[in-house]
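# Residue-level structure breakdown
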Amino acid sequence: MKRLAILISGRGSNLEAIVHACVAQAWPAQVVGVVASRADAAGLDVARRLGVAVQVIAPSDHVSREAFDAALAACLDALAADVIVLAGFMRILGDAFVARYAGRLVNIHPSLLPAFPGLNTHRRAIDAGCRAVGATVHYVTPTLDHGPIIAQAVVPVLADDTPAVLAARVLAAEHRLYPLALGWIVHERLQVDGLRVRQLDGASQLLF
């Protein structure tokens, strides 16, 4: 059984999709804890409703980024987390933290990486005239929003899209993509070779 810890900062919609998939698809896994970087994160109530233990580790409670990372690492080690799932976790993790959990840290980003890393992805995509955007699940490396790509979902950009409307459509795709990718991880169906990730049964890693 893989032990999953989910890190959040906001509403927790991806964590809800992940917990439901874990139960509905009878993964050989358990979500053992949700850790929020904000005490007012709505996802904490989502986790409690789903019966998942919660903790808050806020950057403002620590004197430095290193101290915050150390507290977060202590929490994850106490949970004995095998896979650490970043689901709207709005905090850049230090290089030492990322190295400590290399190969076990997974993130979802609302663009087709390597395009549009960082913030304001939907506004930037619309301004650039993109006809399609999407979401990317990837392993975390010290370089922000990089790392081996596990899976991607493609979402069309419509002529009258605003950033908010486009963001909502991408988020709906994330709710399908993230559980799919994590299912491959907990079933040990992925092979990583440098920046390339291959699914062992050869199925597509691209959703439309």
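Along each chain, numbering runs from 1 in the same order as the chain's sequence is written. Residues qualify for local features only when their pLDDT is at least 70, as the model is predicted, and side-chain atom pairs are given and counted only at 80 or more; totals for whole chains, interfaces and linings, by contrast, use all residues. As a rule here, side-chain values come from all non-hydrogen atoms in the structure, and water together with hydrogens is ignored.

### Comments concerning helix α1 (residues 13-24)
Across its twelve residues, α1 extends 16 Å between first and last C-alpha, which sits within 8% of the 16 Å expected from 1.5 Å per residue. In this scheme, a residue with accessible area under 20% of its type's maximum is buried, one over 50% is exposed, and one in between is partly exposed, where area comes from a 1.4 Å probe on protein chains only. Strands here are runs of E lasting at least two residues and helices are runs of H or I lasting at least four, both read from the DSSP assignment and numbered beginning at the N terminus. All buried positions along α1 are accounted for by S13, N14, L15, A17, I18, V19, A21 and C22. The length a helix should cover is 1.5 Å for every residue beyond the first.

### Description of the pattern of salt bridges
Note on pairing: side chains with opposite charge can pair once their charged atoms come close. When a carboxyl oxygen of Asp or Glu is within 4 Å of a side-chain nitrogen of Lys or Arg, the pair counts as a salt bridge. Tallied over the full model, the rule gives eight salt bridges. For D45, the salt bridge goes to R48, with nearest N and O atoms at 3.0 Å. Taken as a pair, D45 and R48 lie in helix α2 (residues 43-49) at a separation of three residues, close to a single helical turn.

### Here's the deal with the side chain of D161
Structurally, D161 can be placed in the loop between β7 (149-156) and α6 (163-186). D161 gets classed as buried once you look at its relative accessible area, which sits at 10%. Each polar contact in these results corresponds to two N or O atoms within 3.5 Å; when the atoms are within protein, one needs to be able to donate a hydrogen and the other to accept it, and residues that are neighboring in sequence are counted only if both atoms are side-chain atoms. Only 2.8 Å separates the side chain of D161 from the backbone nitrogen of L158, close enough to count as a polar contact. A polar atom in the side chain of D161 sits 2.5 Å from the side chain of R169. Sequence-distant contacts of D161, that is, excluding residues within four places in its chain, are made with I126, P156, L166 and R169. By the convention used here, residues are in contact when the closest approach between their heavy atoms is within 4.5 Å.

### Digging into α6
The end-to-end C-alpha distance of α6 is 33 Å, a good match for the 34 Å that 24 residues give at a rise of 1.5 Å each. Positive phi appears at E188, one or two residues downstream of α6, with a value of about 55 degrees.

### Some remarks on the sheet that holds strand β4 (residues 83-86)
With mixed pairing, the eight strands of this open sheet are ordered in space as β3-β2-β1-β4-β5-β6-β7-β10. Each end of this open sheet is capped by a strand with a single partner; those strands are β3 (54-56) and β10 (206-207). Pairing of strand β2 (residues 29-36) with β3, which is carried by three bridges, proceeds in the parallel orientation. When the bridges of β3 are listed, A36 appears paired with V56. Whenever a helix is involved, its axis is fitted only over the stretch in contact; in every case the axis is a line through C-alpha atoms, and angles between N-to-C directions fall within 0 to 180 degrees. Along the sheet face, α6 touches β1 (2-8), β2, β4, β5 (105-109), β6 (132-139), β7 and β10 and points at about 155 degrees away from the line of β7. One bridge is not enough; two strands pair if DSSP finds at least two bridges between them.

### As for the environment of A70
One can find A70 in helix α3 (residues 65-79). Among the residues examined, A70 registers a relative accessible area of 46% and is labelled partly exposed. Along the chain, A70 and F97 lie 27 residues apart, while their C-alpha atoms are 7.9 Å from each other.

### What to know about the nonpolar core
We call a set of buried Ala, Val, Leu, Ile, Met, Phe, Trp, Tyr and Cys residues a nonpolar core when their side-chain atoms join them within 4.5 Å. Judged by nonpolar contacts, the single largest core of 47 residues is most densely connected at I6, W27, V106, I150 and Y178. Looking at this core element by element, the count peaks at ten residues for α6. Beyond its immediate stretch of four places on either side in the chain, Y178 contacts N14, I18, V85, L86, A87, V106, N107, I108 and V137. With 21 residues, the next largest nonpolar core counts V32, I57, C75 and I84 among its residues.

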